[in-house]
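Structure assessment
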Amino acid sequence: MDDQGMRPDLNREIANLARRLSDDAMKSSMRLLIIISLYLNDRLSFSDLLDLTGLGKGSLANHLNKLTEKGLIRSGFAFSLKGPITVYSLTEEGKKVYTDYVDAIIKMKGGKN
Amino acid sequence: MNDPEYAGKLDEIARIAVRRQYYILRRSWGIYYAIWASGFTFMLLASMIVFTFVSGLKGYLILLSLIFFIALISGYLSRRVFRIAVRTEDLRRMLDNEYLTWSRKYTVYYWIIFVLTLASAALLGYLMPRYSYYSAVPFLYFISYYVYSHLRRSFEGIPPEGYVSVLSMLAFAIAITSTMFAASSYLRGMMTLISLTGLIISWFWCSIYALYHAREGLEIG
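Details of the sheet that holds strand S2 (residues 73-80) of chain A
All names here are of chain A.
- Pairing within the open sheet is antiparallel, and its three strands lie in the order S1-S3-S2. Of all strands in the sheet, those with a lone pairing partner are strand S1 (43-45) and S2, marking the two edges. The mean inter-strand angle of the sheet, taken between neighbouring strand axes irrespective of direction, is 35°.
- This element, helix H3 (residues 46-53), spans S1 and strand S3 (83-90) of the sheet and lies at about 90° to S1.
- Seen against the sheet, helix H4 (residues 57-69) touches S2 and S3 and runs at an angle of roughly 120° to S2.

Quick look at the structure:
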């Protein structure tokens, strides 16, 4: 797909989303992957996120800190068979990022969805 | 990065997220099978305990209340798997640009089958007033369809334990249907006991198999 092949409103939409996602908290693809995974699953533990992203512990903690500081995710505790675990979920602002993201995909696909 | 390139990147990230959902979904289905297999076990034990101490209509009422309570708890504990399945499927269909067509088709099929189930339940209740509990039989077929449809929503290719779970639920539904034609209540009881035990064993196996193989999903990409 080239620049000329895209509709102007779609170009604008994607540019807006790119700007929104290109701030310090969201410029990493991995952080977007975390946002999508948290939306699809409601909440995920730290070890689930390690499995889903394939990152190391330090790197994942760093991504999660940035998302928390930006107010896109929050952490809490849940009980599992292994005892209490830390779980992460999206805040309303985080859900908004996901919704904007899906809207951009829909428009990108031609708005037939 | 220019916009079309960025658009391609957005699409790719979502596809990776959907592919990786296989692990979470298979594990969630494993937990789902375990919850319901335990629920069926409690139902079986409840029927044995209740009829040891209470007989007749009172016994049936207590048992029905217990079954309803166990089903309610199991449904509550396992509801998350369906929510994850629906969200994953929605995103997958959006990426493939076929969300609306698919969503309409699914809704139409769902309501047709649900209405047919209600009609069959009403008909059975009318034809066999003395055995009104047989009105629940069409819902066993409906559950088979419901599980199958959500497995389809969860996975692009249903894993082996998914087929086993649906087929064993169908086999249970057929076995219970056939008890309508059984000559004695003893035979009916035995057929129900054997088929429910088979269902429990099968769903426990599905649970263990799904949990054991869930991590294969992480190797997909």
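A look at the packing of helix H2 (residues 29-41) of chain A against H3(A)
Residues and elements named next belong to chain A.
- Running from N to C, H2 and H3 point in directions that differ by 125°, and their axes come no closer than 11 Å. Relative to H3, H2 is oriented oblique. The two elements H2 and H3 meet at a crossing, and its hand is right-handed. Mapping the contact onto sequence places Met30, Leu33, Ile34 and Ser37 in H2 and Leu49, Leu52 and Thr53 in H3.
- Classifying every residue of the contact of H2 with H3 gives five nonpolar, two polar and no charged.

Topic: unusual backbone geometry
- If you check the backbone angles, Asp42(A) has positive phi at about 70° while not being a glycine.
- For Asp42(A), the position within the fold is in the loop between H2 and S1.

A word on the nonpolar core
- With 57 residues, the main nonpolar core has Ile35(A), Ile36(A), Leu38(A), Ile105(A), Ala14(B), Tyr33(B) and Trp203(B) as its most contacted residues.
- Leaving out residues up to four positions away in the same chain, Ile35(A) has contacts with Leu72(A), Leu90(A), Gly94(A), Val97(A) and Tyr98(A).

Concerning helix H2 (residues 56-95) of chain B
All names here are of chain B.
- A rise of 1.5 Å per residue sets the reference length of H2, with its 40 residues, at 58 Å; its end C-alpha atoms lie 57 Å apart and thus fit the reference within 8%.
- Maximal helix bending in H2 amounts to about 40°, located at Ser78.
- Asn97, located one to two residues past H2, shows a positive phi value of around 60°.

Definitions and limits used
Residues numbered from 1 in each chain as written. Chains lettered and ligands numbered in written order. Predicted model: local features only at pLDDT ≥ 70, side-chain atom pairs only at ≥ 80, totals over all residues. Pairing = 2+ DSSP bridges. Helix = DSSP H or I, 4+ residues; strand = E, 2+ residues; numbered from the N terminus. Axes fitted to C-alpha atoms, helices over the stretch in contact; angles between N-to-C directions. Contact = placed C-beta atoms within 7 Å. Parallel < 35°, antiparallel > 145°, perpendicular 65-115°, else oblique. Left-handed = near helix turned anticlockwise from the far one by under 90°. Nonpolar A, V, L, I, M, F, W, Y, C, P; charged D, E, K, R; others polar. Core = buried A, V, L, I, M, F, W, Y, C linked by C-beta atoms within 7 Å. Buried ≥ 20, exposed ≤ 12 C-beta atoms within 10 Å, placed from the backbone. Expected span 1.5 Å × (residues − 1). Bend = angle between axes of the 7 residues up to and from the residue.

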